[in-house]
Amino acid sequence: MASSHGAPPVFNNKVIAWIDHRLPIFSYLEKEYHTFPTPRNFNYFWNFGAIATVMLVLMIVTGIVLATNYTPHVLMAFDSVERIDRDVPSGWLMRDLHMNGASFFFIAVYIHIFRGMYYGSYKAPRELLWLLGVVIFLLMMATAFMGYVLPWGQMSFWGATVITNLFSAIPVVGDSIVTWLWGGFAIDNPTLNRFFALHYLLPFVIVGVVGLHVVALHVHGSNNPLGIDPKGPQDTVPFHPYYTMKDGFGVIVFLIVYSVFVFFMPDFLGHPDNYTPANPLVTPEHIVPEWYFLPFYAILRAIPDKLGGVICMFGAIAVLFLLPWLDTSRVRSCVFRPIYKWFMFVLVIDVIVLGYCGANPPEGYFVPLARVATLYYFFHFLLLLPILGKIERPLPLPPSIADAVLNKKAV
Amino acid sequence: MASSSIPAGVHGDPTRRDFLMVATGALAAVGGIATAWPFINNLNPAADTLALSSIEVNVQAIAVGQAVTVKWRGKPVFIRHRTPEEIKQAEAVKLAELPDPQTDNARVTDTAKKVRPEWLIVIGVCTHLGCVPLGNKSGDPRGEFGGYFCPCHGSQYDTSGRIRRGPAPKNLEVPEYVFSSDTLVKIG
């Protein structure tokens, strides 16, 4: 059954051969996940695509189970979630897996995104691969936001109010759009119902786009830490068993950290106010979104103008779509970009600072700090990337992956 | 587009086939939009939601200086029995100082055109991002202008519910209301 590079597989099992002749799923798996030539020099940052996929599946499975006990009605939603936590067999586990799973899905995806940025994985010929990734990220944010509304606690309600009100900043039609989104004049039962429907739908849309993301990945294969293309068999190893094992190991380490949160501190990443049932007449003193939205929330609040804040917040994601064309350097990996490398670290710190500002009330020194961090964020993408690519002198690239790897060993 | 070497009707003047193509395409587009509309419209407020659009409130028990919050269309409505000082303060503001210029008088006139400066009736939803401002209960912070203070992003409103400082772009919205007697007000 095993085959070497390029040769079509031969199946000894007659049933498999019969099916494969009519629907070549086994040939496909063999080609794409077994013999698939993969750069031999991946580091552990290359685990996070597989980890994110595992988290997506885990979210769908726990979500379907939770939906069997959840009631999307303003009078019953909160209690039905409490019932899942207290009365439903293993309900507490399903809910804690799902709740923390969202956070860990975002952790995996954020690392995956910064990995792609540091090693230039978005550059030709992988621009579409990157764009599909940003689409997945947007879909994830929409799904997570609507999921957070479902328990119908105070943060659910007021988070939903603030985020849907962003659309009221649109001139002329803003208010009609908000009424349309709500299905009423305030966040109420129609809103909860449609959010539940969409929260169930969007993960499957994500699965579809992940499929396209993987197909696009397999056209030119993965990038690698050196950012140079494999030149032959000496630069690659078959995907299985080398990277199935490495990904498997990474997934397990990640799941151990995740389990610590699920079993020992399930509410650490949540907000206590969400255990107070939603009250449309009282706003909590301090509204914060889930941690994974904090950098964008900080950008929203940093701009002292409503429409301007909304534009900048969406703009912060829009620049990611333009990234492949904003970066003018022909060298992919930051390993060989002595200046940009440091700016990449500064960007990571900047995003963390934004998140810290977003978690705190917009008072005192958080206001100027958030403004400076917002300015830097856009400076990085819109000015630094295009200019630095022209003036930076990259280090010499190694002749091949094998060469770099073997020389490193000799040292 | 037509080049002289190509006979008319092949790549030059529009033919009957071109016309049919465009007409069919246009019809399909119109049909597509017409089909999409009910799906989009389906998400708009339903008749029963719209039917809940008015309430009556008896304001007799609200003493001068007091305020109540009632729920209307799922949102809080602030009904404030203003003191003479608060009224004076609201009337004294120059329009040029206001981000969203509106006289106090215009904000305390009901739909029957009757002015009742002692009653301020506004929707208690901050025009920034929809939080409920503080200031309708005694003991609440009312901000620098004695009206309302939104804790979410720090918008401050005056005793007429007009925006004075902070990120909110507009004054607190005045709902449609009418006093059917001196003590009974219909909102919506």
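Residues numbered from 1 in each chain as written. Chains lettered and ligands numbered in written order. Predicted model: local features only at pLDDT ≥ 70, side-chain atom pairs only at ≥ 80, totals over all residues. Heavy atoms only, no water.

Q: Can you walk me through the overall build of chain B in this structure?
A: Counting its regular elements, chain B contains four helices and nine strands. N-terminal to C-terminal, the α/β element order of chain B is α-α-β-β-β-α-α-β-β-β-β-β-β. Computed over the C-alpha atoms, the radius of gyration of chain B is 27 Å, more than 25% above the 16 Å expected from 2.2 N^0.38 for a compact globule of 188 residues. The dimensions of chain B, computed from C-alpha atoms along their principal axes, are 90 × 40 × 30 Å. (Helix = DSSP H or I, 4+ residues; strand = E, 2+ residues; numbered from the N terminus. Rg over C-alpha atoms; globule rule 2.2 N^0.38 Å.)

Q: For this particular structure, what's the right way to read unusual backbone geometry?
A: Only a minority of non-glycine residues have a phi that is not negative, and only a minority of peptide bonds are not trans. Residues and elements named next belong to chain A. Residue Pro 125 follows Ala 124 across a cis peptide bond; omega there is 0°. The peptide bond linking His 240 to Pro 241 adopts the cis configuration, its omega dihedral lying at 10°. The residue Trp 152 is not glycine, and still its phi comes out positive at about 55°. Relative to the helices and strands, Trp 152 resides in the loop between α6 (127-149) and α7 (154-165).

Q: Would you mind showing me how to read the state of the cysteines here?
A: Disulfide: a covalent bond formed between the sulfur atoms of two cysteine residues. All names here are of chain B. Under the counting rule described, the total for this entry stands at one disulfide over all chains. With no disulfide of its own, Cys 150 has Cys 126 as its nearest cysteine by sulfur position, at a separation of 3.8 Å. Judged by relative accessible area, Cys 150 falls into the buried class, the value being 2%. (Disulfide = S-S within 2.5 Å. Buried < 20%, exposed > 50% of the residue type's maximum accessible area, 1.4 Å probe, protein only.)

Q: Hey, could you run me through the packing of aromatic side chains in this one?
A: Both the distance between ring centres and the angle between the ring planes are used here to describe each pair of aromatic rings. Residues and elements named next belong to chain A. Summed over the entire model, instances satisfying the criterion amount to 41 aromatic pairs over all chains. Seen from their ring centres, Phe 11 and Phe 26 are 6.2 Å apart, and the 65° between their planes marks the pair as edge-to-face. With Phe 11 in the segment before α1 (14-22) and Phe 26 in helix α2 (residues 25-34), this residue pair connects regions lying 15 residues apart in the sequence. Classification of Phe 11 as buried rests on a relative accessible area of 13%. On the basis of relative accessible area, Phe 26 is assigned to the partly exposed category, the value being 26%. Arranged with centres 5.0 Å apart and planes meeting at 70°, the rings of Phe 157 and Trp 158 form a pair that is edge-to-face. Looking at Trp 158, the relative accessible area reads 2%, which means it is buried. Connected via pairs of aromatic rings, a cluster forms that spans Tyr 28, Tyr 33, Phe 42, Trp 46, Tyr 118, Tyr 119, Phe 239, Tyr 243, Trp 342 and Phe 345. (Phe/Tyr/Trp six-rings, centres within 6.5 Å; stacked < 30°, edge-to-face > 60°.)

Q: Please explain the domain arrangement of chain B as it appears in this structure.
A: Where the parts come together, the accessible area they lose is often given as the size of the interface. Assigned domains of chain B: these are domain 1 (13-44) and domain 2 (49-187). Centre-to-centre separation of domain 1 of chain B and domain 2 of chain B, based on C-alpha positions: 48 Å. (Domains from an automatic or database assignment.)

Q: What's the story with the confidence of the model for chain A in this structure? I'm lost.
A: The predicted coordinates ought not to be read in detail in places where the model reports low pLDDT. Of the residues in chain A, 98% reach a pLDDT of 70 or more, and the chain-wide mean stands at 94. Confidence, expressed as mean pLDDT per element, reaches its minimum in chain A at helix α15 (residues 401-410) of chain A with 79 and its maximum at helix α3 (residues 48-67) of chain A with 98. (pLDDT = per-residue confidence, 0-100.)

Q: Can you help me understand the sheet that holds strand β4 (residues 119-123) of chain B in this one?
A: Strand pairing in a sheet relies on backbone hydrogen bonds. The paired strands run either parallel or antiparallel. Residue and element names in this part refer to chain B. The sheet built from three strands is open, its strands ordered β2-β3-β4 with antiparallel pairing. Edge positions in the sheet fall to β2 (67-72) and β4, since each of these pairs with one other strand and no more. Sheet twist, expressed as the average angle between the axes of neighbouring strands with direction ignored, equals 20°. Direction of pairing for strand β3 (residues 75-81) relative to β4: antiparallel, over a ladder of five bridges. Following the sheet pairing, His 81 is matched in β4 by Trp 119. (Pairing = 2+ DSSP bridges. Axes fitted to C-alpha atoms, helices over the stretch in contact; angles between N-to-C directions.)

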